[in-house]
Amino acid sequence: MISIKGLSKLYKTKHQDVKAVDNVSLDIKKGEIYGVIGYSGAGKSTFIRLINRLEEPSNGEVLINDTNITGLSVGKLRKERQKIGMIFQHFNLLWSRTVYDNIAFPLEIAGVPSRERRDTVLELIELVGLKGREQAYPSQLSGGQKQRVGIARALANDPDVLLCDEATSALDPETTDDILDLLVSINEKLNLTIIMITHEMHVIQKICHRVAVMDQGKVVEHGDVLDVFVKPQSKTAKRFVQQLSPLEHKQDTLHRFITKDENSEVVKLHFIGNDAKRALITDVIKRFDIEVNILQGSISPTQEGAYGTLYVELKGAANTIQETTQYIRTSGVEVEVIRDVT
Amino acid sequence: MLREWFPNVNMEDMWTATYETLYMTIISVIGTLILGIILGLLLFLTEKNNLWQNRFLNSITAAVVNIFRAIPFIILILLLFPFTDFLMGTIRGPNAALPALIIGAAPFYARLVEIAFKEVDKGVIEAAKSMGAKTHTIIFKVLLPESMPALISGLTVTAIALISYTAMAGVIGAGGLGDLAYMKGFQRRDNDVVFACTVFIVVIVFIFQFIGDALSRKLDKR
Ligand SMILES: Nc1ncnc2c1ncn2[C@@H]1O[C@H](COP(=O)(O)OP(=O)(O)O)[C@@H](O)[C@H]1O
Ligand SMILES: [Mg+2]
């Protein structure tokens, strides 16, 4: 649905030229939440602003529903922008307008008559959970509420795409989760395609289906969120993944549990996707005459199911341990028996 | 008692002069508002990286504004005599003062307007662009309303400067409280008239300041 080909942006300054976005090509499917993650200065904001041409590309093209955005005249671009919603880190609401009038603004721009505007605005206020706050001014709202207004405003003209530039970066963790939940529910309800720019792995993990990792203007890695989480290829991706599972790669602490005793085995359970939600451990204990001792691990829920690793010690008869690991394998969780740590 | 302290003050003259001062001030404030906003917009929009980015137009506007702002008002009136005569058909009375008042104050206000626009959050302008707003929508629905408190307090400052300009214009026979103080008070050594005119002008200034502050505060929802 969105096809980005060889997109580049070169900023020429007095001292040096900056390739803020460097030959980026991506395909984004209808209805998916596509994350773009990178450190500050990676070129994420420039990238997203090239999509609706708030910044003119130096090279490459952007196609949305087969419309070549990069080739549009100024007038046609304005029309097209009405179908591309955008939300911002600092909300960018008009302080002089009430919640109601802020949400009505894009409708005024699109030339919707005021009687029809009313229904749309009230519906959107309901959707983002701001009922009763219609006549409040932005200064009377909390950060989370302001972003809700921003989201309602971006949805007013029933867009095909929603561009989010660090939409939760100015919010506290709890409010961030509320806003992310709202975005997911909108994504599902309206089948809206969302492009989500962020520097927080948590955001990608929580709501994105696919992700691109940006570094110095380039996309260094992209794919399903789960794949990137499980097998990060690039250095940048690895650093981001480590943010989420600090316990990983600390196998040395397992050392003292690993013995020659055949009635005790340390196993690494690798959860990828949907099965992690099931109460696997309880299931195993009920089914087998075995003792399960949880050593360490971390599980992160993502849009496509949970992923993570869990180290457990299984105690019981050797053949029961054998059966148990077999059973866990068949339920779709990777099992690795750890014999020694080097 | 008033008669004793102000033997030379004629209340009828005072009210006529007050009316003339208010007339000159209000009309010139309206003229300054319109011309100042147009010039301020031009200064702002033609700036680098702005909507109508245009170095040539920006330099021309800035030069005109700076030159007219530099000319002392009393000299401006004299310089504008031919223009005033052509435009108003007279060089005496309150109407004759208007061109000089507006041309003298508008460049000053234009700079305040430019500053007010610069204070508008760039992000909000960008948000409007991302919604597909045309330039005139951005001007009328973003720039002007979002800078309104600053535009009003700027206009209050300008209006007060204009009140003192009207008093100066009195010297060339424009009428008003300045004229009265100079012709009837100063020249005849009737200090009570000068004093009464001063009190009236100060009261007018206070009223303008009060209205301006109240309006600016009421509109500011930040
Ligand atoms: N208008 C500009 N002029 C010159 N350089 C810019 C401009 N905007 C961004 N840059 C540069 O481009 C790079 C990417 O910036 P940005 O897209 O804002 O990164 P991010 O959003 O990932 O933090 C940075 O090195 C920044 O300094
Ligand atoms: Mg950024």
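Residues numbered from 1 in each chain as written. Chains lettered and ligands numbered in written order. Predicted model: local features only at pLDDT ≥ 70, side-chain atom pairs only at ≥ 80, totals over all residues. Heavy atoms only, no water.

### Let's talk about the confidence of the model for chain B
Then, in step 1: Residues of chain B with pLDDT of at least 70 account for 100%, and the chain-wide mean is 93.
Then, in step 2: Across the predicted assembly, pTM comes out at 0.85 and ipTM at 0.89. (pLDDT = per-residue confidence, 0-100.)

### Notes on helix α5 (residues 143-155) of chain A
Then, in step 1: For α5 of chain A, which comprises 13 residues, the first-to-last C-alpha distance of 18 Å matches the rise-based estimate of 18 Å (1.5 Å per residue) to within 8%.
Then, in step 2: The buried fraction of α5 of chain A is high, at 10 of 13 residues.
Then, in step 3: Of all the positions in α5 of chain A, only Gly144, Gln147, Arg148, Val149, Gly150, Ile151, Ala152, Arg153, Ala154 and Leu155 of chain A are classed as buried.
Then, in step 4: Those residues of α5 of chain A that are buried are in contact with β6 (84-87), α3 (99-109), α4 (114-127), β7 (161-165) and α6 (173-190) of chain A together with α7 (122-130) of chain B. (Helix = DSSP H or I, 4+ residues; strand = E, 2+ residues; numbered from the N terminus. Expected span 1.5 Å × (residues − 1). Buried < 20%, exposed > 50% of the residue type's maximum accessible area, 1.4 Å probe, protein only. Contact = heavy atoms within 4.5 Å.)

### A few points about the side chain of Thr168 of chain A
Then, in step 1: In this structure, Thr168 of chain A sits in the loop between β7 and α6.
Then, in step 2: If sequence neighbours within four positions are ignored, Thr168 of chain A has contacts with Thr176, Ile179, Leu180, Glu200 and Val203 of chain A.

### Details of the sheet that holds strand β5 (residues 67-68) of chain A
All names here are of chain A.
Then, in step 1: With respect to topology, 4 strands assemble into an open sheet ordered β2-β1-β4-β5, the strand pairing being antiparallel. Each of the sheet's edge strands pairs with one partner strand only, and the pair in question is β2 (17-28) and β5.
Then, in step 2: In this structure, strand β4 (residues 59-64) lies alongside β5, joined through 2 bridges in antiparallel fashion. In the sheet register, Ile64 faces β5, and the bridge partner there is Thr67.
Then, in step 3: Sheet strands touched by helix α1 (residues 44-51): β1 (2-12), β2 and β4. Its angle to β1, the strand with the most contacts, is close to 120°. (Pairing = 2+ DSSP bridges. Axes fitted to C-alpha atoms, helices over the stretch in contact; angles between N-to-C directions.)

### Overview of the packing of aromatic side chains
All names here are of chain A.
Then, in step 1: This model, assessed by the stated rule, comprises 8 aromatic pairs over all chains.
Then, in step 2: With a centroid separation of 4.3 Å and an interplanar angle of 15°, the aromatic rings of Tyr39 and Phe240 are classed as stacked. Residue Tyr39 is found in the loop between β3 (33-38) and α1, and its partner Phe240 is found in helix α9 (residues 235-244); the two are separated by 201 residues along the sequence.
Then, in step 3: Accessibility expressed as a relative area gives 28% for Tyr39, which makes it partly exposed.
Then, in step 4: Take Phe240: its relative accessible area is 0%, and that puts it in the buried class. (Phe/Tyr/Trp six-rings, centres within 6.5 Å; stacked < 30°, edge-to-face > 60°.)

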